[in-house]
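One-letter residues, chain by chain:
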Amino acid sequence: FSSWCPWSYVVDSQRYRESSDWNPPGPFKHVFKNGAVIYCGGIENPTTMRGPNVTWAHFDEASAHPKALSLKVLDGRARIVGPDGTPPSVWLTTTPDLDQGWTYDYFGPPSPNDQFSAFKADSLIIKLRTIDNEKAGNIADGYTARRAQTLTSAEARVFLEGEWEK
């Protein structure tokens, strides 16, 4: 957060979070001098997030959640148009499910009579492969090959290639 938002933009009373020693005890919010607010926290209990109106939400490791309720709650919260008319949005970062859970239903390949076809058509899915991260120099050389040694071929397709596995 601090790499793209200068601390001088945060109200004085909340700048204690700038310290490298600060560890959030739970969900919290940053308030900015222009009145903007950013809420930070987990969504282990999605119903606790039903209140705020937001411009965007980020949901990390979505497939670790057993049901789609977190996505549904966050999607209902993103309702404020951002700067320059940027539409409200929710983005997820996750590894595809091996067991084809709810993330497969929402983000996997379309199927006949797909109840989420309109959602899929309105979504942008970006696949990031581990080997590309390695080639960019962001992880150790040879990591992908070493990581594959402990995985089945199906697991390697999911965890290293970002593929949905049937």
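Residues numbered from 1 in each chain as written. Predicted model: local features only at pLDDT ≥ 70, side-chain atom pairs only at ≥ 80, totals over all residues. Heavy atoms only, no water.

**Some details on the overall build of the chain**
Stage number 1. The number of helices and strands found in the chain is 6 helices and 4 strands.
Stage number 2. Counting from the amino terminus, helix and strand elements in the chain follow one another as β-β-β-α-β-α-α-α-α-α.
Stage number 3. Each principal axis of the C-alpha atoms in the chain carries an extent, and together these give about 50 × 45 × 30 Å.
Stage number 4. For the chain, buried positions account for 28% of its 166 residues.
Stage number 5. At a minimum sequence separation of 6, the contacts of the chain that also span at least 24 residues come to 46%.
Stage number 6. The centroid of the 17 positive side-chain charges in the chain is displaced by 5 Å from the centroid of its 20 negative side-chain charges. (Helix = DSSP H or I, 4+ residues; strand = E, 2+ residues; numbered from the N terminus. Buried < 20%, exposed > 50% of the residue type's maximum accessible area, 1.4 Å probe, protein only. Contact = heavy atoms within 4.5 Å. Lys, Arg positive; Asp, Glu negative; His and termini not counted. Charge placed at Lys NZ, Arg CZ, Asp CG, Glu CD.)

**Overview of the pairing of strand β4 (residues 89-93)**
Stage number 1. Here strand β3 (residues 56-60) pairs with β4 via 5 bridges, running parallel. Residue pairing for β4: Asp-60 is matched across the bridge by Thr-93.
Stage number 2. Chirality of the crossover, the property in question, places the unit of β3, helix α1 (residues 69-77) and β4 among those that are right-handed. (Pairing = 2+ DSSP bridges. Right-handed = clockwise from strand over helix to strand, strands pointing away.)

**Some points on unusual backbone geometry**
Stage number 1. Of note in the backbone geometry, Glu-61 takes a positive phi value of approximately 50° without being a glycine.
Stage number 2. Taking the relative accessible area as the measure of exposure, Glu-61 reaches 37% and is therefore partly exposed.
Stage number 3. With a phi close to 55°, Asp-84 is a non-glycine residue in the positive phi region.
Stage number 4. Looking at where Asp-84 falls in the secondary structure, it is placed in the loop between α1 and β4.

**Considerations on a nonpolar patch on the surface**
Stage number 1. Taken together, the side chains of Leu-124, Ile-126 and Leu-128 present a nonpolar region at the surface, about 420 Å² in accessible area.
Stage number 2. Position of Leu-128 relative to the elements: it lies in the loop between α3 (117-121) and α4 (130-135).
Stage number 3. On the basis of relative accessible area, Leu-128 is assigned to the exposed category, the value being 72%. (Patch = residues over 30% accessible without salt bridge, like charges linked within 9 Å, V, L, I, M, F, W, Y side chains within 5 Å. Areas by Shrake-Rupley, 256 points an atom, 1.4 Å probe, with all protein chains shown as cover. Salt bridge = Lys/Arg side-chain N within 4 Å of Asp/Glu carboxyl O.)

All quantities given are derived from atomic positions and should not be read as evidence of function.
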